[in-house]
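Listed below, chain by chain, are the residues.
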Amino acid sequence: MIVCFIQSRLGSSRLPNKALLPLLWGKDEEQPLITHVISRCRDIAEKVPIFCLIPYGQIEIYEDATVYHKINYLMGDERNVYSRFVSALDLIEDTYGKKIQTCIRITGDCPLICPDIIDRVLQHHKKNAKMGVFYTSNDTDRSAYPDGQDVEIFEVDAFRKYLPMNYEEREHVTIALKRSSVCGLVMSDLLWPKEKLSVDTEEDYQTVKTIFDSLGGDVPRTAKELCSALWKIKYV
């Protein structure tokens with residue numbers, strides 16, 4: 001069984017409540033940033049259960065904000081994200097009565113994530129896993145993909161095995177796994193403009209909002225079309 005986890009929270013120190021910030025949805029409507037992430041993840045080719053992992057006490061806010069796209073929310077410790085993931089994995093396995101082999105991790109601050117990039121990393125991971133590789137990503141520091149197209153995929157047994165040893169590893173849940181195993185890297189096959197597409201600060205939000213506004217809310221969902229649209233926005 002494969003699952004997709006969208007990790008989100010409202011308590012960002014740099015940009016509080018960023019998951020709820022409005023972005024154009026069609027010509028005349030706006031939806032919260034997290035709704036765009038959920039919608040785009042639902043377009044991946046391999047239909048897998050999608051869950052939004054959030055801290056305790058925030059579910060009503062999220063549910064009110066994302067009524068347009070109903071999704072299963074699972075709550076856990078805000079500071080110990082690793083335990084949030086493990087609790088979610090345990091609950092899903094108990095509920096579905098199936099073992100989860102593979103987990104797709106998407107962060108909830110990437111409203112321009114392309115479904116076909118997720119698909120591409122997943123296909124690479126399936127091949128890698130057969131050769132004993134537990135973790136595959138398109139690490140945007142090394143892959144020539146822009147920040148905001150981040151996809152991480154890992155084998156759950158290995159994730160459970162490599163326990164976090166400090167706060168950094170508990171918050172950034174895949175660090176221990178990456179340090180302890182051979183990792184697969186998927187490189188971009190497109191030349192992207194140097195634009196940050198994830199939202200961590202007010203400046204990031206204004207950049208992404210300008211992209212949505214420039215495209216009239218009709219944001220391409222394939223990597224090739226989005227890349228082309230970004231170049232046009234940058235230079236036309």
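If you're wondering where the values come from, they're calculated on a predicted model, not measured in any experiment. (Residues numbered from 1 in each chain as written. Predicted model: local features only at pLDDT ≥ 70, side-chain atom pairs only at ≥ 80, totals over all residues. Heavy atoms only, no water.)

Caption draft 1: Representation of the overall build of the chain in the model. From N to C terminus, the chain includes 9 helices and 9 strands. Here the C-alpha radius of gyration of the chain, 17 Å, is about what a compact globule of 236 residues would show, namely 18 Å. Along the three orthogonal principal directions, the C-alpha set of the chain runs to about 50 × 40 × 30 Å. Out of the 236 residues in the chain, the part that is buried amounts to 53%. (Helix = DSSP H or I, 4+ residues; strand = E, 2+ residues; numbered from the N terminus. Rg over C-alpha atoms; globule rule 2.2 N^0.38 Å. Buried < 20%, exposed > 50% of the residue type's maximum accessible area, 1.4 Å probe, protein only.)

Caption draft 2: Region of interest: the pattern of salt bridges. Going through the model one piece at a time under the given rule, you end up with 17 salt bridges. Between Glu-78 and Arg-9 there is a salt bridge, with the nearest N and O atoms lying 3.7 Å from each other. Taken together, the positions of Glu-78 in the loop between strand E5 (72-76) and helix H3 (81-96) and Arg-9 in the loop between strand E1 (2-7) and strand E2 (22-25) put the pair 69 residues apart, joining distant regions of the chain. Its salt-bridge partner being Glu-169, residue Arg-179 comes within 2.6 Å of it at the nearest N-O pair. (Salt bridge = Lys/Arg side-chain N within 4 Å of Asp/Glu carboxyl O.)

Caption draft 3: A look at the environment of Thr-210. Locating Thr-210 in the fold gives a position in helix H8 (residues 202-214). Given a relative accessible area of 43%, Thr-210 falls into the partly exposed group. Separated by 23 residues in sequence, Thr-210 and Ile-233 have C-alpha atoms that sit 9.3 Å apart.

Caption draft 4: Quick look at the pairing of E2. Examined bridge by bridge, E2 and strand E3 (residues 29-32) share 4 bridges and lie antiparallel to one another. Across the sheet, residue Leu-24 finds its bridge partner in E3, namely Glu-30. Between E2 and E3, which pair antiparallel in sequence order, lie 3 residues; one of them, Gly-26, sits at a positive phi of approximately 75°. (Pairing = 2+ DSSP bridges.)

Caption draft 5: Layout of the nonpolar core. Of all hydrophobic cores here, the largest spans 48 residues; its most connected members are Ile-6, Ile-104, Ile-106 and Val-151. Mapped onto this core, the elements with two or more residues apiece are E1, E2, helix H1 (33-41), strand E4 (50-55), strand E6 (102-107), helix H4 (115-130), H8 and helix H9 (223-235). Top element by residues in this core is H1. It accounts for 5 residues. Residues within four places of Val-151 in sequence aside, it is in contact with Ile-104, Arg-105, Ile-106, Ile-113, Ile-117, Ile-118, Val-121, Thr-136, Ser-137 and Asn-138. Ranked by size, the runner-up nonpolar core spans 24 residues in total, among them Val-81, Phe-85, Val-156 and Phe-159. (Core = buried A, V, L, I, M, F, W, Y, C linked by side-chain atoms within 4.5 Å. Contact = heavy atoms within 4.5 Å.)

Caption draft 6: Main features of the sheet that holds strand E7 (residues 135-137). Judged by pairing direction, the sheet is mixed, and its 7 strands sit side by side in the order E5-E4-E1-E6-E8-E7-E9 without closing on themselves. Edge positions in the sheet fall to E5 and strand E9 (183-185), since each has one partner strand and no second. Each neighbouring strand pair of the sheet contributes to a mean axis angle of 25°, computed without reference to strand direction. Sheet topology places E6 next to strand E8 (residues 152-155); 4 bridges connect them, and they run antiparallel. Counterpart to Arg-105 in the pairing with E8 is Glu-152. Contacting E1, E4, E5 and E6, H1 crosses the sheet at an angle of about 165° to E1. Across the sheet, H4 lies against E1, E6, E7, E8 and E9, angled at about 25° from E8, the strand it touches most. (Axes fitted to C-alpha atoms, helices over the stretch in contact; angles between N-to-C directions.)

Caption draft 7: Region of the structure containing H3. Counted at 1.5 Å a residue, the expected span for H3 with its 16 residues is 22 Å, and the 22 Å between its end C-alpha atoms agrees. Along H3, the residues that are buried comprise Val-81, Tyr-82, Arg-84, Phe-85, Val-86, Ala-88, Leu-89, Ile-92 and Glu-93. Phi for Gly-97, located one or two positions after H3, is positive at around 65°. (Expected span 1.5 Å × (residues − 1).)

Caption draft 8: Broad picture of unusual backbone geometry. One non-glycine residue with positive phi stands out, namely Asn-17, at about 60°. Mapped onto the elements of the fold, Asn-17 is located in the loop between E1 and E2. One non-glycine residue, Ala-144, lies in positive phi territory at about 75°. Along the polypeptide, Ala-144 turns up in the loop between E7 and E8. With relative accessibility at 48%, the residue Ala-144 sits in the partly exposed group.

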